[in-house]
Amino acid sequence: MNNTETIKKEQGITQKTERICGSEAIIRCLIAEGVDILYGYPGGAIMPVYDELYKYRDQIHHVLTRHEQGAAHAAQGFARISGRVGVAMATSGPGATNLITGIADAQIDSTPLVCITGQVFSPLLGSDAFQETDIVGISTPVTKWNHQVTKASEIPEVLAKAFYIAKSGRPGPVLIDITKDAQFGELDFKYEKCTGVRSYIPVPKINTDTVKAAAELINTAKKPMIVWGQGVILGKAEEELKAVIEKAGIPAAWTILGASAIPTSHPLNIGMVGMHGNYAPNKLTNECDLLIAIGMRFDDRVTGSLDTYAKQAKVIHFEIDPAEINKNVYADIAVLGNSKESLAALLPLLNKNSHESWLQEFKDLYAIEFEKVIKNDISPTKEGLTMGEVLKQINIETKGNAAIVSDVGQHQMIACRYSEFNKTKSNITSGGLGTMGFALPAAIGAKMAAPEREVVAIIGDGGYQMNIQELGTIFQQKVPVKIVVLNNEFLGMVRQWQQLFFDKRYASTEMTNPDFVTIAKGYYIEAKKVTKREELADAVKEMIASKDSYFLEVCVEKEDNVFPMIPAGASVSDIRLS
Amino acid sequence: MNKEIKTFTISIYTENNIGLLNRISAIFQRRHINIESLTTSQSEIEGVNRFVIVVNITEVQAKKIIGQFEKQVEVIRAYYHTEEETIYQESGMFKIKSDLLFEEPQIQNIIKESNARIVTVNKEFFVLEKSGRRNEIESLRRDLNVFGIMQFVRSGRIAVTKEEMKITEMLLAFNNQ
Ligand SMILES: Cc1ncc(C[n+]2csc(CCOP(=O)(O)OP(=O)(O)O)c2C)c(N)n1
Ligand SMILES: [Mg+2]
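This structure is a prediction, so every number in the text was calculated from the model and none was measured. (Residues numbered from 1 in each chain as written. Chains lettered and ligands numbered in written order. Predicted model: local features only at pLDDT ≥ 70, side-chain atom pairs only at ≥ 80, totals over all residues. Heavy atoms only, no water.)

**Looking at the overall build of chain A**
Condition: In DSSP terms, a helix is any run of H or I states spanning at least four residues, a strand is any run of E spanning at least two, and both are numbered starting from the N terminus. Values of the radius of gyration come from C-alpha atoms, whereas the globule rule sets the reference at 2.2 Å times the count of residues to the power 0.38. Only protein chains enter the accessibility calculation, which uses a 1.4 Å probe; a residue is then buried when its area is under 20% of its type maximum, exposed when over 50%, and partly exposed in between. Residue contacts follow a heavy-atom distance rule, with two residues in contact if any of their heavy atoms lie within 4.5 Å. For the area figures, the Shrake-Rupley method with a 1.4 Å probe applies, and any residue is considered shielded solely by the protein chains shown.
Within chain A, the secondary structure is distributed over 22 helices and 22 strands. At 24 Å, chain A has a C-alpha radius of gyration in line with the 25 Å of a compact globule built from 578 residues. Overall size of chain A, expressed as C-alpha extent along the three principal axes, is 70 × 60 × 40 Å. In chain A, buried positions account for 61% of the 578 residues. The contacts in chain A between residues at least 6 apart in sequence include a share of 77% that link residues at least 24 apart. For chain A, the accessible surface area stands at approximately 21700 Å², while carbon and sulfur atoms represent 52% of it.

Shown next, in the form of structure tokens:
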């Protein structure tokens, strides 16, 4: 496969080759790719690489997580906040399979990862050897690319290709499985970065005719609406999007993964679409005359029933991945390409406009949502604490500059709905896969990649216990993340569905929880528990002021529900406020 | 777009890599699309493999899975074609007791009329090969079944398209970049 005709390499620097062993070559490749932190867990089949990590410890920092799933999610958090490739490493068999959830999460959320797994000696492949598992077979449906290396000499080219594929075009996870004999074997080492693979077109060429056609539709639309997704962040197109929105005066909504690309406070930012998104953008999706989708993929949690989704509107789809065009929603005009370039090409073709009365419709609906939902969420008058008021305090203390890493469930929806985002890449959450257990390790990776940023993890009492062992990593590595557990003593989101759709039959959703504060203190992490409203503001203040990691448990109302809500399978315009 | 289920021949040009078959079949499996036949071989381009896959799906589905194939890093291009747009055939092999050749003179007529080819003959058995459309091979199988077939096997479809496949240009473009 990796013959010279099928891949292109960086031109220029001609290096001399050096005779080294495969395991050292792996580390040298990582360093050449600019990797200075990776996450992983050792074991038999990857030990030669760990031996080299020891020798190269001044140049590359290996973070020992407490579970390989933690390593994968930490690498994801690292990638999501920095735009760099996250690297995770594990041994064969159980080590490799433990990475899978994180890899699947990275695949569906387009996160660039390179995962390196050890494998048994190549003569033992297929013999059911100790800790042999077909990780290439297992990971195939959840990787952008994967490959098994059985010869030391293949290592530089395969790893160069892995990094190139992971980060180019629509990013994604790559898994490279390396047999132990390839790690021990020698090679003439020379590293050349990969710059092209002949069977792979990462970014389709922009067709200027489609951009012109898009501009024409936008210029004549009376009620245009934008829905942007993570493609804007991955394409580094935040400024271009802002310019487009402002020039053409188009109300713009975001998907959960698109959050933070445009500041929350921007007057044309009309909120989140989808199942627990805002009332106005969901309702008005079925009123607009032009829907402009930018770097988003019409997930079913965004569209609700497709039969009744934006049927009245023309649709323009700006997208890097041709397979997304017409996959779920038919696009009248598809503009293929990188979002930064296509939006930049669009901008000069747009007429200046302001759709004031149309924007007013969003404001009117927001007022209804505020009255019926938001007010009670963020400034409650009832006795029990709400998740929304906790988020409000965090906004106040962080001034909207924090990166919020949320887990999965009610607290996630509340975090995404109510966080104020001033900076891009500030909403790190498991969107497509909805992986409970994501937030704690992802927050570790995010904080290590961006130490200058405040990183606050918002986690449910359920999901917290799915990767709670990573407190050990936080303690050992002294990662100053702030951890907030919103404890409702329930698997809240599932309980909400049981209440609404299963006549309150609370099957296995109530949890008797341990003393979370004691557990955090067991890891020598400063910890506090809040049960009353009067204590909340000070506790959040103290947490944000802390220079070290800090754990805050907030006991919230047990049976609160998240609204608005589009019931599964219903139309976006049937969104419920209660 | 057309929602009626039709037979499509899918052609996928790929790099020659272990594991690619797995990736491709997983795309069908996830969508509950039954593979009617699958053939893989060297293509007209040195070092490039070609999968020929027959499925019964709607054109909407065909368009979408072509997108999924092309998204795979090691897939160069993928196409779908209707029956009218391709020239295709299959091949069947029949192993039959040699005695029958002499005891049942009708068999000789069947062989002649069907344009089947005798691949080998020995004391115990002879082997017939018949290339053509599925129904031609099936009809021969039915005719011979009356006398008893020791073994039968039929290949997957192989097909070429009437339209030109612009793979070479694409690969040249990469080399000239
Ligand atoms: C790994 C995993 N298992 C199960 C689910 C299904 N699920 C979605 S939300 C949820 C409840 C989460 O409870 P908790 O973490 O306490 O958050 P809350 O909804 O109470 O805020 C569950 C079980 C999931 N998303 N991920
Ligand atoms: Mg809970």
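**What about the site of ligand 1?**
Residues and elements named next belong to chain A. Applicable threshold: When we say a residue is near a molecule or strand, we mean one of its heavy atoms is within 4 Å of it. Polar contacts, as used here, are pairs of N or O atoms within 3.5 Å; protein pairs need one atom able to donate a hydrogen and one able to accept it. Residues neighboring in sequence count only if both atoms are side-chain atoms.
Around ligand 1, the structure places 18 residues, and the nearest of them are Gln-410, His-411, Gly-434, Gly-463 and Gly-492. Backbone polar atom of Gly-492 to an oxygen atom of ligand 1: 2.7 Å apart, as the coordinates give it. Burial of ligand 1 by the surrounding chains reaches 76%, relative to a free accessible area of 580 Å². Elements represented by at least two residues in the shell around ligand 1 include exactly helix H16 (410-418), helix H18 (461-464) and helix H20 (492-501).

**Re the coordination of the magnesium ion (ligand 2)**
Residues and elements named next belong to chain A. To be explicit about the condition: Coordinating N, O and S atoms are those within 2.8 Å of the metal (3.2 Å for Na, K and Ca), and as water is not part of the atoms, a site may appear to have fewer donors than expected.
Each protein donor to the magnesium ion (ligand 2) is listed here as Asp-461 (OD), Asn-488 (OD1) and Phe-490 (O); together their distances run 2.0 to 2.1 Å. One chain supplies every donor to the magnesium ion (ligand 2), and in sequence these donors are spaced D-x26-N-x1-F. With a relative accessible area of 4%, Asn-488 lands in the buried category.

**Details of the pattern of salt bridges**
Keep this limit in mind: Salt bridges, as used here, are contacts in which a Lys or Arg side-chain nitrogen is within 4 Å of a carboxyl oxygen on Asp or Glu.
The full count for this structure, using the stated rule, is 43 salt bridges over all chains. Among the salt bridges present, the one from A:Lys55 reaches A:Asp51, with a minimum N-O distance of 3.7 Å. A residue pair is termed a helical-turn pair when its members lie 3 or 4 positions apart in one helix, as A:Lys55 and A:Asp51 do in helix H2 (residues 47-55) at four residues. Assessed through its relative accessible area of 53%, A:Lys55 is described here as exposed. A salt bridge links B:Glu138 to B:Arg141, with the shortest nitrogen-to-oxygen separation between them at 3.0 Å. One end of the pair is B:Glu138 and the other is B:Arg141, both in helix H5 (residues 134-145) and three residues apart, which spans about a single turn. On the accessibility criterion, B:Glu138 (17% relative accessible area) is buried. Several salt bridges converge on common partners, so that one network encompasses A:Arg170, A:Asp321, A:Glu324, A:Lys327 and B:Lys71.

**Details of the pairing of strand E1 (residues 6-15) of chain B**
All names here are of chain B. Threshold: Strands were regarded as paired on the criterion that DSSP finds at least two bridges between them.
Most of E1 is tucked away: eight of the ten residues are buried. Sheet analysis places E1 next to strand E3 (residues 48-57), joined by ten bridges and oriented antiparallel. By the bridge assignment for E3, Phe-8 is matched with Val-55. Across seven bridges, the pairing between E1 and strand E4 (residues 75-82) is antiparallel. Counted as the bridge partner of Ile-12 is Ala-78 from E4.

**Looking at the sheet that holds E3(B)**
All names here are of chain B. So the rule is basically this: With axes taken as lines fitted to C-alpha atoms, and helix axes fitted only over the stretch in contact, angles between N-to-C directions fall between 0 and 180 degrees.
Spatial ordering of the open sheet is given by E2-E3-E1-E4, a layout of four strands whose pairing is antiparallel. Since the sheet does not close on itself, it has two edges, and those belong to strand E2 (35-42) and E4, each with one partner. Ignoring which end each strand starts from, the neighbouring axes of this sheet average 15° apart. In the packing of helix H2 (residues 59-71) onto the sheet, contacts are made with E1, E3 and E4, and the angle to E4 comes to roughly 165°.

**Concerning the interface of chain B and chain A**
This is how it is decided: Here the quantity called buried area is the total loss of accessible area, with a 1.4 Å probe, experienced by two parts when brought into contact, counted for both.
Between chain B and chain A, the contact holds 21 residues from the first and 26 residues from the second. Interface area for chain B against chain A, summed over the two sides, is near 2000 Å², with a carbon-plus-sulfur share of 52%. Its largest share of buried area at the contact with chain A, chain B owes to B:Arg23, B:Val73 and B:Phe174, together 37% of the area lost on that side. Viewed at the interface, chain A and chain B are joined by three salt bridges. B:Lys71 is the salt-bridge partner of A:Asp321, the closest N and O atoms lying 2.8 Å from each other. Elements with a minimum of two residues in the side of chain B that touches chain A: helix H1 (20-30), H2, E4 and helix H6 (167-176) of chain B.

**Describing the confidence of the model for chain B**
The predicted coordinates ought not to be read in detail in places where the model reports low pLDDT. What counts here: pLDDT is defined as a per-residue confidence score from the predictor, taking values between 0 and 100.
Here chain B averages 93 in pLDDT, while 98% of its residues score no lower than 70. In the predicted assembly, ipTM is 0.91 and pTM is 0.96.

**Focus on the environment of A:Ile37**
All names here are of chain A. With respect to the element layout, Ile-37 can be found in strand E3 (residues 37-40). Ile-37 sits in the buried class, given a relative accessible area of 13%. Note: C-alpha distance between Ile-37 and Ala-88 (51 residues apart in sequence) is 9.4 Å. Beyond its immediate stretch of four places on either side in the chain, Ile-37 contacts His-61, Val-63, Phe-78 and Met-448.

**A look at H1(B)**
What sets the pattern is the α-helix's 3.6 residues per turn: residues three or four places apart point alike. Listed as buried for H1(B) are B:Leu20, B:Arg23, B:Ile24, B:Ala26, B:Ile27 and B:Phe28. Structurally, H1(B) contributes buried residues whose contacts are with strand E7 (145-149) of chain A together with E1, E2, E3 and H2 of chain B.

**What about the packing of aromatic side chains?**
Residues and elements named next belong to chain A. Worth spelling out the cut-off: Pairing of aromatic rings covers Phe, Tyr and Trp, the last counted by its six-membered ring, and requires centre-to-centre distances within 6.5 Å; plane angles under 30 degrees mean stacked, over 60 mean edge-to-face, and any other angle means tilted.
Tallied over the entire structure, the rule returns 16 aromatic pairs over all chains. With 6.3 Å between their ring centres and 20° between their planes, Phe-121 and Phe-184 make a pair best called stacked. Here Phe-121 is found in the loop between strand E6 (113-119) and helix H5 (135-139), whereas its partner Phe-184 is found in helix H7 (residues 180-184), with 63 residues between them in sequence. Assessed through its relative accessible area of 49%, Phe-184 is described here as partly exposed. Look at Trp-497 and Phe-501: their rings are 5.5 Å apart centre to centre, the planes differ by 75°, and that puts the pair in the edge-to-face class. Of the two residues, Trp-497 and Phe-501 both sit in helix H20, four residues apart, roughly one turn of that helix. Members of the aromatic cluster, connected to one another through ring pairs, are Tyr-464, Phe-516 and Phe-551.

**Description of helix H14 (residues 356-378) of chain A**
Residues and elements named next belong to chain A. The cut-off we apply is this: One less than the number of residues in a helix, times 1.5 Å, gives the span that helix is expected to have. To get the bend at any residue, fit one axis to the seven residues that end at it and another to the seven that begin at it, then take the angle between the two axes.
Taking 1.5 Å per residue, 23 residues should reach 33 Å; H14 reaches only 28 Å between its end C-alpha atoms and comes up short. Of all bends in H14, the biggest is about 55°, found at Phe-370. Taken together, the buried positions of H14 are Trp-358, Leu-359, Phe-362, Leu-365, Glu-369, Val-373, Ile-374, Asp-377 and Ile-378.

**Brief notes about the domain arrangement of chain A**
All names here are of chain A. Keep this limit in mind: Domain delimitation in this document rests on an assignment produced automatically or drawn from a domain database. Under this grouping Gly is polar, as are all residues other than the nonpolar Ala, Val, Leu, Ile, Met, Phe, Trp, Tyr, Cys and Pro and the charged Asp, Glu, Lys and Arg.
Domain boundaries assigned for chain A yield domain 1 (3-197), domain 2 (208-362) and domain 3 (379-555). Here domain 1 and domain 2 have C-alpha centroids that lie 37 Å from each other. For the pair domain 1 and domain 2, the summed buried area comes to about 640 Å², and 52% of that belongs to carbon and sulfur atoms. Inspection of the domain 1/domain 2 interface yields two salt bridges. Linking Glu-324 and Arg-170 is a salt bridge whose minimum nitrogen-to-oxygen distance equals 2.8 Å. Taken together, the connections running from domain 1 to domain 2 amount to three residue pairs in polar contact (both at pLDDT 80 or more). Partitioned by chemical class, the residues of the side of domain 1 that touches domain 2 number two nonpolar, two polar and three charged.

**Quick look at the UniProt feature "domain: ACT" (unreviewed entry) in chain B**
In plain terms, the rule: UniProt positions are given in the numbering used here, feature names are shortened, and annotations may be inferred rather than shown by experiment.
Here the UniProt-annotated "domain: ACT" (unreviewed entry) positions come out as residues 9-89 of chain B. From the first C-alpha to the last, residues 9-89 of chain B spans 11 Å; its make-up is 30% helix and 46% strand.

**Thoughts on the sheet that holds strand E19 (residues 455-460) of chain A**
Sheet strands pair via backbone hydrogen bonds, and the direction of the pair is either parallel or antiparallel. Residues and elements named next belong to chain A. If you trace the six strands from one edge of the open sheet to the other, you get E18-E17-E19-E20-E22-E21, paired in parallel fashion. Looking at strand neighbours, the two that pair on one side only are strand E18 (427-429) and strand E21 (526-530), the edges of this open sheet. Across the sheet, the mean angle separating the axes of adjacent strands is 20° when strand polarity is ignored. Inspection of the sheet shows E21 paired to strand E22 (residues 550-555) by five bridges, in the parallel sense. Paired with Val-530 across the strands is Val-554, a residue of E22. Its contacts with the sheet put helix H17 (residues 439-449) on strand E17 (403-406), E18, E19 and strand E20 (482-487), and the angle it makes with E19 is roughly 175°.

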